[in-house]
Amino acid sequence: HLKERKAPGPDEVRNEHLKATLHILLPFWTMLLNACLKLGTIAGQWRTSNLITLFKGKGSATEPSNYRGIALLCTVFKVLTRILNPRIMRNIQEALPPEQFGFRPGRGTQDAVDMLLEYVRPRIQRAKGKAYMQHSSISRRPSIQWTEDI
């Protein structure tokens, strides 16, 4: 389901255009997307995007960190990725480590916190129980590494 009233990407094809012509162009789109899958390649233009910035709505509008980037992709490429994503996710779920929480269905921040507490609690309950944490942050994206008692 393609949402309506969304900004188009570099191809200038709007979701409404695709929906309105689907009854006529479905065989063409099917043939094109199947060819992409068979050949393992996509149109060069589909690899491009229009990058826009959106104000987050808080803080100073003159501060660049108060904006987030949005990549406007080609509409047909979005359709292809929506077809491929569930297929890929089905095949890689078991290969992902249990510590991977981002972009996985049924896993969220609370699950990550619970796993962290499950690791830390027994270590701090020991005699002289300590847990040391190493924290590094680049662009506000923390990376935490726990080590055994020293």
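Summarised in this report is the structure supplied together with it. This structure is a prediction, so every number in the text was calculated from the model and none was measured.

Basis of the calculations
Residues numbered from 1 in each chain as written. Predicted model: local features only at pLDDT ≥ 70, side-chain atom pairs only at ≥ 80, totals over all residues. Heavy atoms only, no water. Patch = residues over 30% accessible without salt bridge, like charges linked within 9 Å, V, L, I, M, F, W, Y side chains within 5 Å. Areas by Shrake-Rupley, 256 points an atom, 1.4 Å probe, with all protein chains shown as cover. Salt bridge = Lys/Arg side-chain N within 4 Å of Asp/Glu carboxyl O. Helix = DSSP H or I, 4+ residues; strand = E, 2+ residues; numbered from the N terminus. 1 Å grid on protein atoms, 1.4 Å probe; cavity = no way out; pocket = protein on both sides within 12 Å on 5 of 7 lines; lining within 4 Å. Points joined across faces, edges and corners; volume = space filled by probe spheres on them. Nonpolar A, V, L, I, M, F, W, Y, C, P; charged D, E, K, R; others polar. Phe/Tyr/Trp six-rings, centres within 6.5 Å; stacked < 30°, edge-to-face > 60°. Buried < 20%, exposed > 50% of the residue type's maximum accessible area, 1.4 Å probe, protein only. Lys NZ or Arg CZ within 6 Å of the ring centre and 35° of its normal.

**Some words on a nonpolar patch on the surface**
Next, step 1: Residues Ile24, Leu25 and Phe28 make up a contiguous nonpolar surface patch of about 280 Å² in total accessible area.
Next, step 2: Secondary-structure assignment places Ile24 in helix 1 (residues 15-39).

**Section: the layout of surface pockets**
Next, step 1: Each pocket or cavity is described by its volume, and for the largest pocket that value is around 390 Å³.
Next, step 2: Looking at the largest pocket, it is lined by 10 residues, and the ones nearest its centre are Glu99, Phe101, Ala112, Val113 and Leu116.
Next, step 3: The dominant element in the lining of the largest pocket, judged by the number of residues it contributes, is helix 3 (residues 109-124), at six residues.
Next, step 4: Looking at the lining of the largest pocket, its residues break down into seven nonpolar, two polar and one charged.

**Re the packing of aromatic side chains**
Ring pairs (aromatic) are described by centroid distance and by the angle formed between their planes.
Next, step 1: Enumeration over the complete set of coordinates arrives at two aromatic pairs.
Next, step 2: Taken together, a centroid distance of 5.3 Å and an interplanar angle of 55° make the contact between Phe55 and Tyr67 tilted. One end of the pair, Phe55, is in strand 1 (residues 49-55); the other, Tyr67, is in strand 2 (residues 67-73), and 12 residues separate them in sequence.
Next, step 3: For Phe55, a relative accessible area of 36% puts it in the partly exposed group.
Next, step 4: Above the face of the Phe101 ring, Arg107 is positioned so that its terminal group lies 5.2 Å from the ring centre.

Bear in mind that shape data such as this cannot, by itself, settle questions of function.
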